[in-house]
Amino acid sequence: MLSVIVFLPAVVAAALLLVPATAPRRLFTGAWVLVSAVDLALVVAVWLAPGSGFRFEERVAWMPTVGISYHVGVDGLSLPLVALTAVLFLACAVFALRENRGVKSYVALFLALQTVSLGLFVALDLILFFLFFDLSIVFMYFLIAGWGHGERARAAALKFFLYTFLGSLALLLGFIVLYLAAEPHTFDVVELVAADPLAGGGPVAAFALLAIGIGLAVKTPTVPFHTWLPPAHTEAPATGSAILAGILLKMGTYGFVRIAMPILPGTWRQYAVIAVVVGVVSVLYGALVALAQTDIKRMIAYTSVNHMGYVLLGVGAAGIVTGSDEQARQLATTGAVTQMVAHGLITGALFLLTGVLHDRGHTYDMAAYSGLAARMPRFAGVFAVAAFASLGLPGFAGFIAEFQIFTGALASAPVATALAVVGILVTAALFLRALQRVFLGPERLPDAPGTPRPFADLHASETAAIVPLLVLATVIGVLPRFLLDVIEPASRALVELVTR
Amino acid sequence: MNENPAALLPELLLLGAAVIGLLLGAWLPRTRQWLVRLLAAAAAVAGLVATAVAATRPDELVFGAAYAVDTPTNVTRAIVLVAVLVALALSVDATTGHRRETEFVVLLQLGALGTVLLAGANDLLLLLAAFLLASVPFYALAGWDGSALGTEAALKYYLSGAFLGVAMLTGTAILYGVGRATGYGALREGLAAAPVAAAGVGLVAVLAGLLFKIGGVPGHFWVPDVTDGTPPAVAAIVTTIPKIGGLVAMYRLLSVAVPADALDWPLLVAVLAAGSMTLGNLAAFFQTTVQRLLAYSTISQVGYLLIAIAVAGRSDLAQPALLYYVAGYAVTNLGAFAVVAELPHARTIEDYRGMARRNPALAGALAVCLFGLIGTPPTAVFVGKLVVFTAAVDGGFAWLAILAIVNTVASVFYYLRWIVPTFRSADSDPAALQPAGTWSAVTAYACAGLAVLLGVLGGVVLPLMATQPLSTMP
């Protein structure tokens with residue numbers, strides 16, 4: 001079942017590659033929407049199926065001599081992210097119905113990216129995880145370089161590739177250390193968790209955690225490894241940014257809860273305070289730098305650094321045992337996972353909205369726009385909802401997540417939590433300021449040559465792509481139980497593993 | 001003592017086909033020389049069958065203890081013969097109807113024969129003979145097309161080969177002098193008691209010859225000129241085939257004949273590995289012609305391969321890592337050269353601009369091969385690198401694994417410098433992208449497919465490579 005979900009997009013992508021590029025555009029985009037919808041339906045079926053622990057496990061020996069197997073399965077930590085992936089890719093498929101540049105390769109690339117994203121979240125073998133991790137870099141590289149905005153996009157794509165590839169190799173080194181430490185040698189996550197190979201701690205365990213931590217931190221990204229992110233986001237096409245922020249960043253934070261914490265529990269406890277500090281610095285630094293941006297897409301990119309900082313704060317707090325009870329740590333973990341989902345939905349929507357803005361005005365510069373609310377009321381409304389969701393207003397998913405993280409982290413890291421709350425304030429300020437500058441005041445539109453007129457409001461396909469994301473974020477904000485019921489058992493198990 | 005020639009059937013098939021092909025080529029008209037190529041291909045296929053049969057038999061030492069027919073030899077035979085088949089297909093477009101087509105095929109076969117003998121040699125004298133047999137045909141091949149650049153390349157190749165070959169001869173003499181034997185098994189006992197300084201000098205001198213063969217630092221300086229100065233088909237052969245045997249020969253020599261507690265050769269090889277990968281990578285950064293870029297890329301790849309040799313005997317994974325990586329490297333490198341052979345007029349990276357739009361399938365093959373050389377999963381080189389890194393950490397060379405990882409990231413930069421223009425929209429002269437024919441293109445697709453297939457099937461292939469060389473066994 002999981003294999004079908006993972007590889008269906010890739011199979012369709014391969015089939016589409018055989019169709020000549022001169023075929024009607026509708027064929028490719030239609031197939032894309034259809035596949036994404038089918039995939040989402042399958043994920044919903046998995047969601048509704050009963051069971052606990054790892055479900056839908058599949059395990060086939062792949063390279064038994066070096067302990068590598070094709071091992072997939074979902075639990076409460078991965079299922080929400082699998083669902084998020086399916087939802088966001090469907091949204092991008094709908095949004096891209098209007099795309100007309102190199103549609104065939106665009107669709108094929110996205111479907112391939114969907115396969116590797118889904119594959120990463122269900123992988124229960126370190127090498128399988130690494131395989132999808134690396135391929136996501138390759139496909140995203142081509143997406144940014146091929147469909148971004150000109151020469152600068154290629155520079156940004158190269159930077160993205162080099163940074164995240166370095167991170168992935170650090171990750172690989174950490175995996176190799178884990179493999180060699182386990183007896184018998186294995187890359188299997190479940191077996192490694194059970195074996196706890198580096199329980200004795202020491203320099204080897206610290207080195208393994210350092211290598212894995214750096215690899216995941218680059219992808220997340222946290223300060224100081226975030227510098228690849230703003231150019232990559234700014235230069236990528238809207239759908240690419242949405243996937244990059246919504247899904248690919250989660251590969252980093254998901255790695256913490258799936259690999260770093262359960263496999264190296266003792267070492268994680270020992271160094272959890274570093275995660276907390278890095279998290280808080282990311283929260284504050286990301287928010288402050290975002291405040292200083294004039295480019296709206298860059299601004300949103302920096303808020304991603306901020307939001308991912310909360311996740312790190314949550315997983316770090318879960319590792320600080322002194323001064324907190326189990327329930328608080330569990331709350332922080334649940335909050336971290338919820339935050340991944342919330343950020344994926346909300347930032348995905350925001351990036352798609354900036355894509356709409358760029359489509360109309362050909363610039364991301366906030367100073368070029370003013371008073372858009374009169375010309376594009378629906379766009380302004382949707383944007384405002386997304387902005388409020390992103391700044392953590394109660395009633396949206398982000399609030400639930402951040403509330404849980406703060407409550408869970410307060411006991412063990414009171415100073416850090418207090419500082420992180422300031423981040424919310426800064427985010428609120430910067431979003432309100434952006435809304436004010438772009439949507440209110442006298443109407444002014446960019447007057448660059450080649451700017452298409454008139455400034456049309458949201459098209460049906462754009463609305464159909466963006467609004468469901470926000471609806472979902474609101475549903476999670478108002479009725480979070482359906483999500484939390486899935487996450488909580490898994491985070492309880494995770495906290496037990498970390499404190500064993 | 002086993003002197004049954006049938007044990008050498010794959011080698012004899014190569015030799016026989018080369019001799020018959022040479023005679024045949026002398027009689028055939030120029031338009032019929034493809035028969036020689038067909039004969040060579042048939043011999044390679046027959047050799048593969050013979051190798052498969054040999055692999056099912058127990059390992060043995062033949063002709064005294066001079067030649068080992070064991071797992072490393074059999075795997076080398078298989079890789080070299082497949083590489084010969086690929087090289088034969090790769091060169092069809094460029095050499096068909098050429099007045100020296102027969103010579104091309106025969107030289108390729110003789111060089112391949114020398115390469116296989118290098119891998120199996122279990123005696124210093126046979127190693128030296130194999131070195132010469134693997135070198136001389138390739139010198140001639142480098143000058144095969146008779147162009148000014150090719151002649152210069154051949155001369156440079158020959159001179160450095162002659163120089164380092166003499167060094168190897170000297171080293172052999174010294175090792176014989178201090179170790180009182182040339183056979184590896186006996187040499188091991190001799191060297192354990194020998195004066196360290198003399199044995200060290202002798203070993204370094206012998207390794208100099210092998211480093212020339214594999215194009216590793218410091219015996220690498222012929223690689224860029226020869227690769228850039230010869231036609232793509234020749235460049236593909238000389239940067240791939242000799243390495244296969246040379247690396248296995250080095251592995252066998254060090255792990256069987258030289259006790260690591262007498263001479264610290266693991267550290268020496270580790271330093272050579274570090275030098276090769278770093279120097280190759282740095283020099284590749286700003287190359288503008290694709291063949292020179294690939295030349296430096298092969299130097300850096302040898303660096304990664306040498307890591308596996310540095311941990312020989314310290315990690316069980318060393319041998320499968322080496323052999324698997326060699327196989328993956330051979331297929332991937334030949335694939336990249338097949339793309340170059342398909343577009344003989346595109347010499348520089350800029351000439352590839354817009355290639356993806358004109359020929360998407362070929363661009364896809366190029367991307368697979370170059371990402372393969374980087375080591376992106378699920379290609380064969382990725383699995384090779386994974387196992388090599390694991391063996392390095394396991395064998396106590398974690399710093400080498402870290403250096404290799406840093407190098408891998410650096411290498412991304414120059415491989416992407418080639419991939420990027422390929423996938424950009426074209427605004428340059430499309431004349432540079434005139435395809436040479438179908439054979440090179442099909443070879444490129446096959447190699448790219450094989451590189452991925454080998455990566456996915458790593459689990460099946462790796463265990464076949466794990467049996468240690470014969471005379472280390474008690």
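Just so it is clear, the model here is predicted, and its values are computed rather than measured. (Residues numbered from 1 in each chain as written. Chains lettered and ligands numbered in written order. Predicted model: local features only at pLDDT ≥ 70, side-chain atom pairs only at ≥ 80, totals over all residues. Heavy atoms only, no water.)

Undergrad: For this particular structure, what's the right way to read the overall build of chain A?
TA: A tally of helices and strands in chain A yields 19 helices and two strands. Over its C-alpha atoms chain A spans a radius of gyration of 22 Å, differing by no more than 12% from the 23 Å that the globule rule assigns to 500 residues. Along the first, second and third principal axes, the C-alpha set of chain A runs to 65 × 55 × 40 Å. Every one of the 500 residues in chain A was classed for burial, and the buried ones make up 65%. (Helix = DSSP H or I, 4+ residues; strand = E, 2+ residues; numbered from the N terminus. Rg over C-alpha atoms; globule rule 2.2 N^0.38 Å. Buried < 20%, exposed > 50% of the residue type's maximum accessible area, 1.4 Å probe, protein only.)

Undergrad: What am I meant to see in the overall build of chain B here?
TA: Broken down by element type, chain B carries 20 helices and two strands. The C-alpha radius of gyration of chain B comes to 21 Å, within 12% of the 23 Å expected for a compact globule of 474 residues. Relative to its 474 residues, chain B shows a buried fraction of 62%. Nonlocal contacts in chain B, meaning residues at least 24 apart in sequence, comprise 82% of its contacts between residues at least 6 apart. With an accessible surface of roughly 15400 Å², chain B has 70% of that area assigned to carbon and sulfur atoms. (Contact = heavy atoms within 4.5 Å. Areas by Shrake-Rupley, 256 points an atom, 1.4 Å probe, with all protein chains shown as cover.)

Undergrad: Hey, could you run me through the interface of chain B and chain A in this one?
TA: You'll often see interface size given as the accessible area lost when the parts meet. Contacts between the two partners involve 33 residues from chain B and, on the opposite side, 29 residues from chain A. Roughly 2700 Å² is buried in total at the junction of chain B and chain A, and carbon and sulfur atoms are behind 86% of that figure. On inspection of chain B and its partner chain A, the count reaches zero salt bridges. At the boundary of chain B with chain A, the tally comes to two residue pairs in polar contact (both at pLDDT 80 or more). At the level of secondary structure, the elements contributing two or more residues to the side of chain B that touches chain A comprise α16 (360–374), α17 (380–394), α18 (398–422), α19 (438–456) and α20 (458–461) of chain B. Residue composition of the side of chain B that touches chain A, grouped by class: 24 nonpolar, seven polar and two charged. (Buried area = accessible area lost by both parts, 1.4 Å probe. Salt bridge = Lys/Arg side-chain N within 4 Å of Asp/Glu carboxyl O. Polar contact = N/O pair within 3.5 Å; in protein donor to acceptor, adjacent residues only side chain to side chain. Nonpolar A, V, L, I, M, F, W, Y, C, P; charged D, E, K, R; others polar.)

Undergrad: Help me understand a nonpolar patch on the surface, please; the structure alone is not making it clear to me.
TA: On the surface, Tyr271(A), Val273(A), Ile274(A), Val277(A), Val281(A) and Tyr285(A) cluster together into a nonpolar patch covering about 500 Å² of accessible area. The topology assignment puts Val281(A) in helix α11 (residues 265–291). (Patch = residues over 30% accessible without salt bridge, like charges linked within 9 Å, V, L, I, M, F, W, Y side chains within 5 Å.)

Undergrad: Quick question: what am I supposed to make of the state of the cysteines here?
TA: A covalent bond bridging the sulfur atoms of two cysteines is what the word disulfide describes. All names here are of chain B. According to the stated counting rule, one finds zero disulfides over all chains in the structure shown. Here Cys369 is not disulfide-linked; the sulfur of Cys447 is the nearest cysteine sulfur, at 6.4 Å. Among the residues examined, Cys447 registers a relative accessible area of 2% and is labelled buried. (Disulfide = S-S within 2.5 Å.)

Undergrad: Honestly, the pairing of strand β1 (residues 55–63) of chain A in this entry has me stumped. Any pointers?
TA: Looking along a regular strand, one sees the side chains alternate between the two faces of the sheet. All names here are of chain A. Bridging between β1 and strand β2 (residues 68–74) involves six bridges; their strand directions are antiparallel. Residue pairing for β2: Val60 is matched across the bridge by Tyr70. In this structure, the hairpin formed by β1 and β2 is closed by a connection of four residues, where Gly67 is found at a positive phi of approximately 65°. (Pairing = 2+ DSSP bridges.)

Undergrad: Even after reading the chapter, I still don't get the packing of aromatic side chains, so can you show me in this structure?
TA: How two aromatic rings sit relative to each other is given by the distance of their centres and the angle of their planes. Following the criterion strictly, the structure yields 39 aromatic pairs over all chains and no others. Aromatic side chains Phe89(A) and Phe110(A) sit 6.2 Å apart centroid to centroid with 75° between the ring planes, which places their arrangement in the edge-to-face category. Here Phe110(A) lies in helix α4 (residues 103–122) and Phe89(A) lies in helix α3 (residues 79–95), a separation of 21 residues in the sequence. Here Phe110(A) falls in the buried class, since its relative accessible area comes to 0%. Both rings, one in Phe142(A) and one in Phe371(B), keep their centres 5.8 Å apart while their planes meet at 70°; by these two values the pair is edge-to-face. Taken together, the residues span two chains, with Phe142(A) in helix α5 (residues 126–147) and Phe371(B) in helix α16. (Phe/Tyr/Trp six-rings, centres within 6.5 Å; stacked < 30°, edge-to-face > 60°.)

Undergrad: Honestly, helix α16 (residues 397–410) of chain A in this entry has me stumped. Any pointers?
TA: An α-helix turns once every 3.6 residues. As a result, residues three or four positions apart point the same way. All names here are of chain A. Between its first and last C-alpha atoms α16 spans 20 Å; for 14 residues at 1.5 Å apiece the expected length is 20 Å, and the two agree. In terms of burial, α16 is largely enclosed, as ten of its 14 residues are buried. Turning to α16, its buried residues are Ala397, Gly398, Ile400, Ala401, Glu402, Gln404, Ile405, Phe406, Gly408 and Ala409. Lining the buried residues of α16 we find α12 (296–319), α13 (326–361), α17 (414–439), α18 (460–478) and α19 (481–499). (Expected span 1.5 Å × (residues − 1).)

Undergrad: Would you take a moment to explain unusual backbone geometry for this structure?
TA: Most peptide bonds are trans, and most residues other than glycine sit at a negative phi. In this chain, Glu183(A) is followed by Pro184(A) through a cis amide linkage whose omega measures 0°. Here Pro184(A) lies in the loop between α6 (151–181) and α7 (189–195). In the segment running from Pro377(B) into Pro378(B), the intervening peptide bond is cis, with an omega of 0°. Among the secondary structure elements, Pro378(B) is positioned in the loop between α16 and α17. Positive phi outside glycine occurs at Phe56(A), with the angle close to 55°. Relative to the elements of secondary structure, Phe56(A) occurs in strand β1.

Undergrad: I tried to follow the pattern of salt bridges on my own but got confused; where do I start?
TA: Side-chain pairing between opposite charges can occur once the charged atoms of the two side chains come close. Residues and elements named next belong to chain B. One pass over the full model with this rule turns up 21 salt bridges over all chains. The salt bridge partner of Glu101 is Arg37, with a shortest N-O separation of 3.1 Å. Taken as a pair, Glu101 in helix α5 (residues 101–120) and Arg37 in helix α2 (residues 34–56) lie far apart in primary sequence, 64 residues in all. Classification of Glu101 by relative accessible area gives buried; the value is 2%. Across the pair Arg347 and Asp228 runs a salt bridge, and its minimum N-O distance is 2.8 Å.

Undergrad: Looking at this structure, I do not really get the side chain of Gln287(B). What am I missing?
TA: Residues and elements named next belong to chain B. Note that Gln287 resides in the loop between α12 (265–284) and α13 (290–310). In terms of polar contacts, Gln287 uses its side chain to reach the backbone carbonyl oxygen of Ala283, at 2.7 Å. When sequence neighbours within four positions are dropped, the list of residues in contact with Gln287 reads Arg292, Leu293, Tyr296, Ile349 and Arg417.

Undergrad: What is the right way to read the packing of helix α6 (residues 124–142) of chain B against helix α11 (residues 232–257) of chain B from this model?
TA: Between two packed helices, both the angle of their axes relative to each other and the distance between the axes serve to describe the pair. Residue and element names in this part refer to chain B. Two numbers describe how α6 lies on α11: the axes approach to 11 Å, and their chain directions differ by 170°. With respect to their mutual orientation, α6 and α11 come out roughly antiparallel. Contacts between α6 and α11 involve Leu124, Leu127, Phe138, Leu141 and Ala142 on the former and, on the latter, Val234, Ile237, Val238, Ile241, Pro242, Ala249 and Leu253. Of the residues belonging to the contact of α6 with α11, the class tally is twelve nonpolar, no polar and no charged. (Axes fitted to C-alpha atoms, helices over the stretch in contact; angles between N-to-C directions. Parallel < 35°, antiparallel > 145°, perpendicular 65-115°, else oblique.)

Undergrad: Hey, could you run me through the UniProt feature "domain: NADH:quinone oxidoreductase/Mrp antiporter transmembrane" (unreviewed entry) in chain A in this one?
TA: As recorded in UniProt, the sites labelled "domain: NADH:quinone oxidoreductase/Mrp antiporter transmembrane" (unreviewed entry) are residues 123–425 of chain A. End C-alpha to end C-alpha, residues 123–425 of chain A measures 37 Å, and it is 80% helix and 0% strand. (UniProt positions renumbered as here; feature names shortened; annotations may be inferred.)

Undergrad: Even after reading the chapter, I still don't get the side chain of Asp75(A), so can you show me in this structure?
TA: Residues and elements named next belong to chain A. With respect to the helices, strands and loops of the structure, Asp75 is situated in the loop between β2 and α3. At 2.5 Å, the side chain of Asp75 and the side chain of Arg258 are in polar contact. The residues touching Asp75, leaving out its near neighbours within four places in the chain, are Gly53, Phe54, Pro80, Arg258 and Ala490.

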